[in-house]
Amino acid sequence: MNRSIGNPNRIFTDGVKLYELDGQSIDKIIDCFEDRITNWYFRFARKLTKSTQSNFMLVATCCILIDLFSQYIYGDNFSSARCFKRFVREYLKRYNRGIKPPIKTLVHRDGEVKEEKIIDVAEGLYAGFRCGVVHSARILEFGRINRENSKNAIILRKWRYAEQNGIEIQINPVILLDDLERIFKNYLKKLRKGDVKLVDNFKKKFKFEYGISF
């Protein structure tokens, strides 16, 4: 089962309509996919990096890209917590530290408000940043965005205020964007070299989304 193809006359990437991809080689499809992600996400996001006022939108873009990349890399038809966190643990593993004691937060699951424990950075990025952005248009209470750390995209930092103390996940969105762009370029190289698993998953996802086989 695939999504409805919809209007084949719509734009896939600048200068290329969806119907024009039908019957093209995998190399052509990869080139167009690269143009789409580069121009619509990375190139546009680069224009936002000049001001710290863009921090939230940069993080939102990074979360979108992690969702997108994880589905193509693992061949998943839909976004999921499992898929998102797997990507963080594998492709951003140098940042994925365990959190002890775990951070406690509230989430909405199966129609109920439940307490959830954030045990590592991957859990925190999904619940506090990805879901925070999508569902609440904010970063949850254990997350923070700034550019104070100029070496790492993601760090854990303890905080204290009056009688309160805790730990938060801090993101430098400019560095995270850099990391994701490197991951994307490396992914494209592997696709072009014919990595069997990645190519199969790419084809599966592309057919599901656009109804095009190659």
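This structure is a prediction, so every number in the text was calculated from the model and none was measured. (Residues numbered from 1 in each chain as written. Predicted model: local features only at pLDDT ≥ 70, side-chain atom pairs only at ≥ 80, totals over all residues. Heavy atoms only, no water.)

(A) Looking closely at the sheet that holds strand 6 (residues 154-161). Across the sheet, which stays open at both edges, the three strands sit in the order 5-7-6 with mixed pairing between neighbours. In this open sheet, the two edge strands, each paired with only one partner strand, are strand 5 (143-145) and strand 6. Here the strands of the sheet are splayed against their neighbours by 40° on average, with no regard to which way each runs. Across three bridges, the pairing between strand 5 and strand 7 (residues 164-171) is parallel. Bridging across to strand 7, Arg144 finds its partner in Gln170. The strands touched by helix 4 (residues 121-136) within the sheet are strand 5, strand 6 and strand 7, with strand 7 carrying the most contacts at an inclination of about 90°. (Pairing = 2+ DSSP bridges. Helix = DSSP H or I, 4+ residues; strand = E, 2+ residues; numbered from the N terminus. Axes fitted to C-alpha atoms, helices over the stretch in contact; angles between N-to-C directions. Contact = heavy atoms within 4.5 Å.)

(B) Expanded view of the pairing of strand 4 (residues 112-120). As judged from the eight bridges shared by strand 3 (residues 98-109) and strand 4, these two strands associate in the antiparallel manner. Bridge pairing in strand 4 places His108 opposite Val113. Hairpin connection between strand 3 and strand 4: a loop of two residues separates the two successive antiparallel strands, and Asp110 in this loop has a positive phi of roughly 55°.

(C) Region of interest: the pattern of salt bridges. The final tally for this structure, using the stated rule, is 18 salt bridges. Taking the shortest distance from any N to any O, the salt bridge between Asp178 and Arg46 comes out at 2.7 Å. Of the two residues, Asp178 sits in helix 5 (residues 173-192) while Arg46 sits in helix 1 (residues 26-46), which places them 132 residues apart along the sequence. On the basis of relative accessible area, Arg46 is assigned to the partly exposed category, the value being 27%. (Salt bridge = Lys/Arg side-chain N within 4 Å of Asp/Glu carboxyl O. Buried < 20%, exposed > 50% of the residue type's maximum accessible area, 1.4 Å probe, protein only.)

(D) Representation of helix 2 (residues 55-74). Taking 1.5 Å of rise per residue, 20 residues should cover 28 Å, and helix 2 covers 28 Å from first to last C-alpha, within 8% of that figure. The positive-phi residue at the C-terminal boundary of helix 2 is Gly75, with phi of around 70°. (Expected span 1.5 Å × (residues − 1).)

(E) Spatial organisation of the layout of surface pockets. A volume near 320 Å³ is recorded for the largest pocket. Contributions of two or more residues to the lining of the largest pocket are made by strand 3, strand 6 and strand 7. Residues belonging to the lining of the largest pocket are distributed by class as follows: six nonpolar, two polar and five charged. (1 Å grid on protein atoms, 1.4 Å probe; cavity = no way out; pocket = protein on both sides within 12 Å on 5 of 7 lines; lining within 4 Å. Points joined across faces, edges and corners; volume = space filled by probe spheres on them. Nonpolar A, V, L, I, M, F, W, Y, C, P; charged D, E, K, R; others polar.)

By themselves, these figures tell us nothing about what the structure is for.
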